[in-house]
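Chain residues, written in single-letter form:
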Amino acid sequence: MKKLNVAIIGCGRISVVYDTAFHKLADRVNVVYAVDKDEKKAKEFADKFGCAYATDFEQIADKDIDVLHICLPHYLHAPMAMKAMRAGMNVLTEKPVAMTLQEADLMKQVQKETGKKLGVIFQTRYTTGVQRLKKMIEEGTFGKIISARSMLTWSRTEDYYKSSDWKGTWDGEGGGTLIDQAIHSMDRVRYLVGSDIAWIEGNVSNYTHPYVKVEDTATAVIGFENGCIYSVYATNTYSIDAPIDIELVGEKGRCGLKQDLGYYELDGEYVEIRDEDDEVPVGPNYWGSSHHIQVREFYDEVMNDKDITINVDEGRKTLEMVKGIYLSSAKKERITLPFEDVIYEDLNQICEK
């Protein structure tokens, strides 16, 4: 089997899961470059694979690289992805796909122009519970899905924000708890429901984080085109990172997830679906241990010239939910799709104190 030459740009906090993924997939990849503006971080990652390192993308732009993994701050996802595709590289970027919907559209345009592959990381779709429930929903086991909900109650402290020069900023992160923490659970709900969004109505606030200008709490109701009504609650004002709670209710039964533990109830019988991957997660528990599954799928799609499963369109649709809540809060009205996206400068622009 021909191996892919891969590189990673951004050797910070999330890079540990790629360290693990690359080792697991050593039969199909050669790690050839690690890139970070902090030379020490780039060298430390490169030393794990005996590969070269660099401090700027331009130093590797003309190298033989099949796949570039983007693990940069949110505001760099779109420009770096487009630059890499134009340099002849396939790209797999961490979420969110971009800072705005318009950026995502530009990424798709460049992807079409270059013919390269572009994928977005939403690794929580790949747990055993999500995959089993998706199949059951598609088979009609629960009947028509009528409603859904997701609840995220996590903790993000002042130290968390002070450790970064872009977290907790509109121009660097694109928002707060929605775009950074809740986006994964929102993506899972959208994936499981299996329908596009029709309308969004929501509100965001900052209750306990005066040192940042983004939201720490958000509530919303989202209407899917198939009629399902989705209730969203997300906050990072809690004292711990509690398990995410997702539930979908159908005409014949209900199903959901407690973090990665799947469950369903039919005809009075309650069944749990435990993850078949019993590995200890690398990094925080909420990252899970399924990054390598999506990475492997992406590599297979690149090597066999297949369509990318979680492509720029999928990334855009999930981003649309997040940005629609911000816009609804700003305009104080229900948002119907499609809509024009913006980047805010201050939370005062989109909510009343």
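Numbering of residues starts from 1 in every chain and runs along the sequence as written. It should be noted that, the model being predicted, local features are given only for residues of pLDDT at least 70 and side-chain atom pairs only at 80 or more, the latter also being counted only at that level, while totals for whole chains, interfaces and linings use all residues. Based on all heavy atoms of the structure, the side-chain values leave hydrogens and waters out of the count.

(A) Highlighting the packing of helix 1 (residues 15-24) against helix 8 (residues 291-303). Contact geometry of helix 1 with helix 8 gives a least axis separation of 9 Å together with a crossing angle of 55 degrees. Here helix 8 runs oblique to helix 1, going by the angle between their axes. Here helix 1 runs over helix 8; the crossing is right-handed. Residue-level contacts link V17, Y18, A21, F22 and K24 of helix 1 to H291, H292, V295 and Y299 of helix 8. Only the stretch in contact is used when fitting a helix axis, every axis being a line fitted to C-alpha atoms; angles between N-to-C directions are given from 0 to 180 degrees. Strands are runs of DSSP state E lasting at least 2 residues, helices are runs of H or I lasting at least 4, and numbering of each runs from the N terminus. Orientation categories follow fixed angle ranges, with anything under 35 degrees roughly parallel, anything over 145 roughly antiparallel, 65 to 115 roughly perpendicular, and all other angles oblique. Whether a crossing is left-handed or right-handed is set by the direction in which the near helix is turned from the far one by less than a right angle, anticlockwise for left-handed and clockwise for right-handed. Any two residues whose heavy atoms approach within 4.5 Å are treated as being in contact.

(B) Fine view of the pattern of salt bridges. Any Lys or Arg side-chain nitrogen found within 4 Å of a carboxyl oxygen on Asp or Glu counts as a salt bridge. Overall, the coordinates contain 31 salt bridges when judged by the stated rule. For K162, the salt bridge identified is with E158, shortest N-O distance 3.0 Å. Placement of the pair is K162 and E158 together in helix 6 (residues 158-162), with a separation of 4 residues, close to one helical turn. Relative accessibility under 20% of the residue-type maximum defines a buried residue, over 50% an exposed one, and the middle range a partly exposed one, all with a 1.4 Å probe and only protein chains included. For E158, a relative accessible area of 32% gives the class partly exposed. One salt bridge in this structure joins D187 and R190, with 4.0 Å as the shortest N-O distance.

(C) Local environment of unusual backbone geometry. That bond from K95 to P96 is cis: its omega, -10 degrees, falls within 30 degrees of zero. Its place among the elements puts P96 in the loop between strand 5 (90-93) and helix 4 (101-114). Here D267, not a glycine, exhibits a phi torsion of approximately 50 degrees, which is positive. When you line up the elements, D267 lands in the loop between strand 13 (261-266) and strand 14 (269-273). On the basis of relative accessibility, which here comes to 81%, the residue D267 falls in the exposed class. In this model, K332 sits at a positive phi of 55 degrees, which is unusual for a non-glycine residue. Structurally, K332 is set in the loop between helix 9 (312-331) and strand 15 (335-336).

(D) Molecular detail of the sheet that holds strand 6 (residues 118-120). Here 6 strands make up an open sheet; going across it, the order is 3-2-1-4-5-6 and the pairing parallel. Two strands bound the open sheet, and with one partner strand each, they are strand 3 (52-54) and strand 6. On average, each strand axis in the sheet is inclined to that of its neighbour by 20 degrees, with strand direction left out of account. Inspection of the sheet shows strand 1 (residues 4-9) paired to strand 2 (residues 29-35) by 6 bridges, in the parallel sense. In the strand pairing of strand 2, I9 is matched with V35. At least two bridges found by DSSP between two strands are what make those strands a pair.

(E) Main features of empty space enclosed by the protein. Put simply, the grid is 1 Å and covers the protein atoms alone, a cavity is a trapped set of points that fit a 1.4 Å probe, a pocket is an open set with protein on both sides within 12 Å along at least five of seven lines, and lining residues have an atom within 4 Å of a point. Grid points are joined across faces, edges and corners, and a volume is the space filled by probe spheres set on the points. According to the stated counting rule, one finds 1 cavity of 30 Å³ or more in the structure shown. In this model, the largest cavity occupies a volume close to 30 Å³. The element that contributes the greatest number of residues to the lining of the largest cavity is helix 8, accounting for 4 residues. Basically, the charged four are Asp, Glu, Lys and Arg, the nonpolar ten are Ala, Val, Leu, Ile, Met, Phe, Trp, Tyr, Cys and Pro, and anything else, Gly included, counts as polar. Counted by class, the lining of the largest cavity contains 5 nonpolar, 2 polar and 2 charged residues.

(F) Representation of the pairing of strand 13. Of the strand pairs in this sheet, strand 12 (residues 253-258) and strand 13 are connected by 6 bridges, and their pairing is antiparallel. If you follow K258 over to strand 13, its bridge partner there is L261. Counted along the chain from strand 12 to the antiparallel partner strand 13, the turn is 2 residues long, and its residue Q259 has a positive phi close to 60 degrees.

(G) Inspection of the environment of P96 at higher detail. When its relative accessible area of 1% is taken as the criterion, P96 is described as buried. C-alpha separation for the pair P96 and T318, spaced 222 residues apart in sequence, amounts to 8.4 Å. Once you skip the residues sitting within four places of it in the chain, P96 turns out to touch H74, H77, I179, I183 and L319.

(H) Here's a closer look at the side chain of D187. With respect to the element layout, D187 can be found in helix 7 (residues 177-193). Assessed through its relative accessible area of 0%, D187 is described here as buried.

(I) Quick look at the nonpolar core. Residues enter a nonpolar core if they are buried and are Ala, Val, Leu, Ile, Met, Phe, Trp, Tyr or Cys, with the set joined through side-chain atoms within 4.5 Å. Residues L68 and M186 are the most contacted members of the largest nonpolar core, which totals 85 residues. Beyond its immediate sequence surroundings of up to four residues, M186 is in contact with L178, I222, Y230, V232, M321, V322 and I325. Ranked by size, the runner-up nonpolar core spans 24 residues in total, among them L4, I8, L25 and C71.

(J) Main features of the pairing of strand 1. The buried fraction of strand 1 amounts to 6 of the 6 residues, a majority that puts the element mostly inside the structure. Looking down the strands as they point away from the viewer, one classifies a crossover as right-handed if the path from the first strand across the helix to the second runs clockwise. On the question of chirality, the crossover connecting strand 1 to the parallel strand 2 by way of helix 1 is right-handed. With 4 bridges connecting them, strand 1 and strand 4 (residues 67-70) associate as parallel partners. Note on strand 4: the bridge partner recorded for A7 is L68.

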